[in-house]
Amino acid sequence: METLEQIKACAEAAVPGARLDIIPNDSPSGQRSLLVDNAHAFAVATILRDDPQLRLDYCSNVTGVDWPEAELTEKVKVKKVVDGVEKEVEEVKKTKRAGYLEAVYHFYSMALKHGPVILRLRTVNRTDQVHLPSLTPLWRGAEFQEREIFDLYGIVFDGHPDLRRILMWDEFKDFPMRKDYVEPDDYEYEPTPHDDVLEKAKSHRTAEVKT
Amino acid sequence: MDEGLRSELQKQGIFVVTLEQLYNWGRKNSVWPLSFGLACCAIEMIAASMARWDLARFGAEVFRPSPRQADLMIVAGTVTKKMAPQVVRLYNQMPEPKYVIAMGACAISGGPFKQGYNVLKGIDRYIPVDVHIPGCPPRPEALIHAFMTLQKKIDEQKLTGPDRARHCDPNEPSEFPVPQFGEHDLVPPSNPSVWKPAVVARG
């Protein structure tokens with residue numbers, strides 16, 4: 001089982017109803033990943049771990065990604081009649097993408113020496129439907145990393161044995177790794193500010209110092 | 001007393017000192033630091049206390065594991081906002097007279113992590129610091145220099161009068177409020193009675 005298409009077919013055959021998508025990657029690495037629907041994610045992950053030809057027994061990395069709402073622009077070639085002549089005109093098509101949060105798992109097989117296989121799980125939105133199934137029961141090593149994603153991104157992992165904040169304190173309400181996080185403003189004393197810090201420090205300058 | 005006369009008496013084996021000098025001499029040569037480190041600066045602090053740099057030469061070899069027995073807190077390393085209340089609590093638990101050395105870029109200002117949402121931008125926002133050492137991390141020599149600076153400071157402390165040492169003034173606080181974990185930041189973000197942002201003059 002070598003290509004991602006084969007892995008996708010294998011998982012879809014083993015888990016009826018599972019919907020997997022291959023997410024392309026146009027960066028130089030070209031590392032594609034599998035997107036799985038939340039309802040069947042746990043069953044698909046079990047297959048990835050237990051299938052004798054895959055045996056992805058090692059979860060090397062779990063991380064979160066925040067995708068805020070965005071307007072995507074795409075150039076589309078459209079045939080149009082301009083002054084009686086049919087011409088191909090480029091038009092900019094704008095589509096709105098709803099925001100969501102993503103958990104990304106990197107799996108390797110220590111037994112068969114292959115990998116990584118990248119699995120992505122997506123939440124419905126970024127506000128109230130942020131639940132994903134936890135894969136900690138399958139890979140114990142994911143426990144702290146899922147807690148970290150819960151802490152910094154705010155994804156709630158159902159089925160996690162001990163879901164608490166791990167880096168910030170329990171009373172903390174924000175999710176610092178989200179793109180719209182606003183950090184506390186403690187830039188009162190900046191002797192050598194530059195760039196972003198300069199902008200933040202300017203609001204603290206007193207009138208007589210502003211020369 | 002006249003310096004020359006004192007020197008002459010010393011040659012004869014007679015030592016004339018004030019109680020203040022004797023008291024400060026004793027204190028400055030037996031400063032017991034709290035064995036407490038937060039990050040990589042602690043490794044340099046440990047190195048300074050071991051055979052090669054040998055902090056014992058300055059009477060500070062006894063690193064105490066309990067704040068009740070320590071005189072000096074060396075804040076060695078990054079103070080995260082989650083750790084800051086514990087640092088202040090440890091300081092409060094130390095008996096007077098007590099001193100603080102803020103060791104390294106992080107402890108004095110937040111250092112390379114200054115822009116992080118989780119790092120306290122200097123421990124002097126909550127407790128009074130006697131000596132600041134820059135460096136990332138400072139070498140053991142720098143810590144020894146800070147230590148000698150502190151000894152000099154102790155030696156010059158007055159026990160009576162209007163400019164007496166902090167621990168001799170009943171109106172000066174010996175404990176400082178421990179910050180609380182808030183929903184977005186520590187509450188309060190700094191102690192205004194201890195720390196005020198320095199005015200930076202710009203041309």
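Scroll up to find the structure.
Residues numbered from 1 in each chain as written. Chains lettered and ligands numbered in written order. Predicted model: local features only at pLDDT ≥ 70, side-chain atom pairs only at ≥ 80, totals over all residues. Heavy atoms only, no water.

Participant: Describe the overall build of chain A, and please don't skip the residues or the numbers.
Facilitator: Helix and strand counts for chain A come out as four helices and nine strands. Helices and strands appear in chain A in the N-to-C order α-β-β-α-β-β-β-β-β-β-α-β-α. In terms of overall size, chain A is more extended than a compact globule, its C-alpha atoms giving a radius of gyration of 23 Å where 211 residues would be expected to give roughly 17 Å. For chain A, the spread of C-alpha atoms along the three principal axes comes to 75 × 70 × 30 Å. Across the 211 residues in chain A, those meeting the buried criterion constitute 37%. Approximately 12,200 Å² of chain A is accessible, and the part contributed by carbon and sulfur atoms is 51%. Taking the average place of the 29 positive charges on the side chains of chain A and the average place of its 39 negative ones, the gap between the two points comes to 4 Å. (Helix = DSSP H or I, 4+ residues; strand = E, 2+ residues; numbered from the N terminus. Rg over C-alpha atoms; globule rule 2.2 N^0.38 Å. Buried < 20%, exposed > 50% of the residue type's maximum accessible area, 1.4 Å probe, protein only. Areas by Shrake-Rupley, 256 points an atom, 1.4 Å probe, with all protein chains shown as cover. Lys, Arg positive; Asp, Glu negative; His and termini not counted. Charge placed at Lys NZ, Arg CZ, Asp CG, Glu CD.)

Participant: Please give an account of the overall build of chain B that cites residues and values.
Facilitator: Scanning chain B for helices and strands turns up six helices and five strands. Once the C-alpha set of chain B is aligned to its principal axes, its extents read approximately 65 × 45 × 40 Å. Considering only intrachain contacts with a sequence separation of at least 6, the fraction spanning at least 24 residues in chain B is 76%. Of the roughly 10,500 Å² of accessible surface on chain B, a fraction of 58% belongs to carbon and sulfur atoms. (Contact = heavy atoms within 4.5 Å.)

Participant: So what's going on with the sheet that holds strand 2 (residues 99–103) of chain B? Residues and values would help.
Facilitator: Residue and element names in this part refer to chain B. In spatial order, the strands read 1-2-3; together these three strands make up an open sheet with parallel pairing. Looking along the sheet, the strands with just one partner apiece sit at the ends: strand 1 (72–76) and strand 3 (131–133). Direction aside, neighbouring strands of the sheet carry axes that sit 15° apart on average. Alignment of strand 2 against strand 3, held across three bridges, turns out to be parallel. Residue Ile101 lies in a different strand from strand 3, and its bridge partner there is Val131. (Pairing = 2+ DSSP bridges. Axes fitted to C-alpha atoms, helices over the stretch in contact; angles between N-to-C directions.)

Participant: Can you lay out the packing of helix 2 (residues 19–28) of chain B against helix 6 (residues 140–155) of chain B for me, pointing to particular residues and giving the numbers?
Facilitator: Residues and elements named next belong to chain B. For the pair helix 2 and helix 6, interaxial distance at closest approach is 8 Å and the crossing angle is 160°. By the angle class used here, helix 2 and helix 6 are roughly antiparallel. Once helix 2 is placed against helix 6, the crossing between them reads as right-handed. For the pair formed by helix 2 and helix 6, the contact residues are Asn24, Trp25, Arg27 and Lys28 on the first element and Gln151, Ile154 and Asp155 on the second. For the contact of helix 2 with helix 6, the class distribution of residues is two nonpolar, two polar and three charged. (Parallel < 35°, antiparallel > 145°, perpendicular 65-115°, else oblique. Left-handed = near helix turned anticlockwise from the far one by under 90°. Nonpolar A, V, L, I, M, F, W, Y, C, P; charged D, E, K, R; others polar.)

Participant: Please set out the interface of chain A and chain B residue by residue, giving values where relevant.
Facilitator: Taken together, the contact between chain A and chain B spans 24 residues of the former and 23 residues of the latter. Carbon and sulfur atoms make up 56% of the area that chain A and chain B hide from each other, which totals about 2,200 Å². The tally of links between chain A and chain B comes to four salt bridges. Salt-bridge contacts for Glu190(A) lead to Lys114(B); the nearest nitrogen and oxygen are separated by 3.7 Å. The tally of links from chain A across to chain B stands at seven residue pairs in polar contact (both at pLDDT 80 or more). Class assignment of the residues belonging to the side of chain A that touches chain B gives a composition of 15 nonpolar, one polar and eight charged. (Buried area = accessible area lost by both parts, 1.4 Å probe. Salt bridge = Lys/Arg side-chain N within 4 Å of Asp/Glu carboxyl O. Polar contact = N/O pair within 3.5 Å; in protein donor to acceptor, adjacent residues only side chain to side chain.)

Participant: Describe empty space enclosed by the protein, listing the residues and the values that go with them.
Facilitator: Summed over the entire model, instances satisfying the criterion amount to one cavity of 30 Å³ or more. One number sums up the size of the largest cavity: a volume of about 40 Å³. Around the largest cavity sit Asp186(A), Lys81(B), Leu120(B), Lys121(B), Arg125(B), Tyr126(B), Asp185(B), Leu186(B) and Pro189(B), which together line it. Residue composition of the lining of the largest cavity, by class: four nonpolar, no polar and five charged. (1 Å grid on protein atoms, 1.4 Å probe; cavity = no way out; pocket = protein on both sides within 12 Å on 5 of 7 lines; lining within 4 Å. Points joined across faces, edges and corners; volume = space filled by probe spheres on them.)

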